[in-house]
Amino acid sequence: MTDTTAHRNEPAGAAAVHQGVKDYYGKILSQTSDLKSNACVPSAKPIPTYIRKALAEVHPDVTARYYGCGLVVPECLEGCRLLDLGCGSGRDCYMLSQLVGENGHITGVDMTENQLEVARKFIDYHMQKFGFKKPNVNFVQGYIEALREAGLEEKSYDVVISNCVLNLSPDKASVLQEAYHVLKDGGELYFSDIYSNARISESLRANKVLWGECLSGALWWEDFLRLAAEVGFSVPRLVTASIVSVGNEELQRLLGDYKFVSATYRLFKLPKNWEKKRCLVMYDGNITGSEEKLEFDAQYTFKVNEVMEVDGDVASILKNSRFSEEFTFHSQASTACCAKPKVMPVNPFELVEQLGSSDVLSSTGGCCGPQESCCM
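Read on for an overview of the structure.

1. Regarding the packing of helix α4 (residues 91-100) against helix α6 (residues 123-130)
Two elements in contact, α4 and α6, have axes whose closest approach is 11 Å; the angle formed by their N-to-C orientations is 30°. By the criterion of interaxial angle, the relationship of α4 to α6 is roughly parallel. Handedness of the α4/α6 crossing: right-handed. Each of Tyr94, Ser97 and Gln98 in α4 lies in contact with α6, whose residues at this interface are Ile123, His126, Met127 and Phe130. Considered class by class, the residues forming the contact of α4 with α6 number 4 nonpolar, 3 polar and no charged.

2. Describing the packing of aromatic side chains
Here a ring pair, both rings aromatic, is described through the centre-centre distance and the interplanar angle of the planes. One pass over the structure, following the stated rule, counts 15 aromatic pairs. With a centroid separation of 6.3 Å and an interplanar angle of 85°, the aromatic rings of Phe122 and Tyr125 are classed as edge-to-face. Given a relative accessible area of 8%, Phe122 falls into the buried group. Note on Tyr125: relative accessible area 34%, which makes it partly exposed.

3. A word on the environment of Cys279
Examined against the element boundaries, Cys279 turns out to sit in strand β9 (residues 279-283). A relative accessible area of 5% means that Cys279 is categorised as buried. Sequence separation of Cys279 and Ser316 is 37 residues, and the distance between their C-alpha atoms is 9.6 Å.

4. Notes on the pairing of strand β3 (residues 137-141)
Counting buried residues along β3, 4 of its 5 residues qualify, which places the element largely inside the surrounding structure. As paired strands, strand β2 (residues 105-110) and β3 are joined by 5 bridges and run parallel to one another. Opposite Thr107, over in β3, you have Asn138 as the bridge partner.

5. A few points about α4
Within α4, 9 of the 10 residues are buried, which leaves it mostly tucked inside the rest of the structure. Of the residues making up α4, those classed as buried are Arg91, Asp92, Cys93, Tyr94, Met95, Leu96, Ser97, Leu99 and Val100. Looking at the residues trailing α4, positive phi occurs at Gly101, about 80°.

6. A few points about the nonpolar core
Counting residues in hydrophobic clusters, the biggest one holds 39 residues, and the most contacted among them are Leu83, Val160, Leu189 and Tyr195. Listed by contribution, the elements that provide at least two residues to this core are β1 (81-85), β4 (157-163), α7 (172-182), β5 (183-196), α10 (221-231), β7 (237-244), β8 (260-268) and α13 (348-354). Not counting chain neighbours up to four residues away, the residues in contact with Leu83 comprise Thr107, Val109, Leu147, Leu152, Tyr157, Val159, Val160, Ile161 and Val182. Core analysis: the next-biggest nonpolar cluster, separate from the first, contains 31 residues, Cys93, Leu99, Met127 and Ile161 among them.

7. Here's the deal with the sheet that holds β9
The strand order across the open sheet built from 3 strands is β12-β9-β13, with neighbouring strands paired in antiparallel fashion. At either end of the open sheet lies a strand with only one pairing partner, and these are β12 (307-310) and β13 (327-330). Within this sheet the neighbouring strands show an average axis-to-axis angle of 35°, counted without direction. With 4 bridges connecting them, β9 and β12 associate as antiparallel partners.

8. A closer look at the side chain of Asp193
You can see Asp193 is positioned in strand β5. The side chain of Asp193 is buried and forms no salt bridge, while Lys172, the nearest opposite charge, is found at 7.4 Å. Of the polar contacts made by the side chain of Asp193, one reaches the side chain of Asn167; its length is 2.8 Å.

9. Here we look at the packing of helix α2 (residues 49-56) against α4
Here α2 crosses α4 at 120°, and the two axes come no closer than 9 Å. By the angle between their axes, α2 is oblique relative to α4. For the crossing formed where α2 meets α4, the hand is right-handed. Contact residues: Tyr50, Ile51, Ala54 and Leu55 in α2; Arg91, Met95, Gln98 and Leu99 in α4.

10. Some details on unusual backbone geometry
One can expect most non-glycine residues to show negative phi and most peptide bonds to be in trans. A positive phi angle is found at Cys164, which is not glycine, with a value near 60°. For Cys164, the location among the structural elements is in the loop between β4 and α7. Classification of Cys164 by relative accessible area gives buried; the value is 3%. A positive phi angle, near 70°, is found at Cys214, a position not held by glycine.

Scoring rules and cut-offs
Residues numbered from 1 in each chain as written. Predicted model: local features only at pLDDT ≥ 70, side-chain atom pairs only at ≥ 80, totals over all residues. Heavy atoms only, no water. Axes fitted to C-alpha atoms, helices over the stretch in contact; angles between N-to-C directions. Helix = DSSP H or I, 4+ residues; strand = E, 2+ residues; numbered from the N terminus. Parallel < 35°, antiparallel > 145°, perpendicular 65-115°, else oblique. Left-handed = near helix turned anticlockwise from the far one by under 90°. Contact = heavy atoms within 4.5 Å. Nonpolar A, V, L, I, M, F, W, Y, C, P; charged D, E, K, R; others polar. Phe/Tyr/Trp six-rings, centres within 6.5 Å; stacked < 30°, edge-to-face > 60°. Buried < 20%, exposed > 50% of the residue type's maximum accessible area, 1.4 Å probe, protein only. Pairing = 2+ DSSP bridges. Core = buried A, V, L, I, M, F, W, Y, C linked by side-chain atoms within 4.5 Å. Lys, Arg positive; Asp, Glu negative; His and termini not counted. Salt bridge = Lys/Arg side-chain N within 4 Å of Asp/Glu carboxyl O. Polar contact = N/O pair within 3.5 Å; in protein donor to acceptor, adjacent residues only side chain to side chain.

Right, here's the structure in full:
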């Protein structure tokens, strides 16, 4: 794809923002240590062994140019078609290419030429290392606000991910809308990003360093919930949240009282008229890396062979997504006792505070306490 300064119907000022981000990540930053704040420090949440092994297979030159703020690895990926928004040097793409397998496929899209040069340089290296006969990864130059203009087809992906990228976009509504269009019915947008506790002022949004550091472009978390609903996604499911410390006195002084969190959400593209009805489900334990339990979000952890009550939104997600074959569904009256999820806030700042930790792991409790269940 030939690079352009702006895509069609680009909002006023967006071209300047895009160029600023290109310069910041293509010229000013040459490695992770060049970042000027802690906003893009990876989450402290423990990384599962199978993911650590996959990350260890990625070429060090690719990893050195990685600037993500979390680890975006949704479950149940075997054979899936997956799109990485703002793939950068391709670290997550190469890690995930191992998880989707040779029958799956990963597409990375990014607007920064220097980053894509690094990503493309190592395609053959990784495919040989993984033992794949043909590449299951490709990289596309384009804007995440205009995926279809970049040649990506509607309803062609099972999962869309992004890692600390939405905050860098000048048109976040278009990013969500485009992701919605390229997802298949039942598909998922699973992403980590930075959120603020209030709407950021225009003066701070104009600061190129604060924007490049993923801070002044951060969405107020309430605006994110509103945009997701307007696009048509299911109610966002909060997976993890951790407080972001700026770690730079000069930048902190500019930001004043604004606070930030790194949070991971999952959104699903579901049928419009699907009945949202509470039901009972039992996880079958067949997902790689989640053989004993599936930590779906901060509210729901499904243990193998344990019946759990889910609300209408989650029931609709499980029945209409790639997770449908991983659960057994029961009618509400089929058992008298089951595990019940905790009531969790939708505000990521409250979630951090409620669990009393700067890093929030998915957790639930059952009707007989957190360590056991009466539904066996």
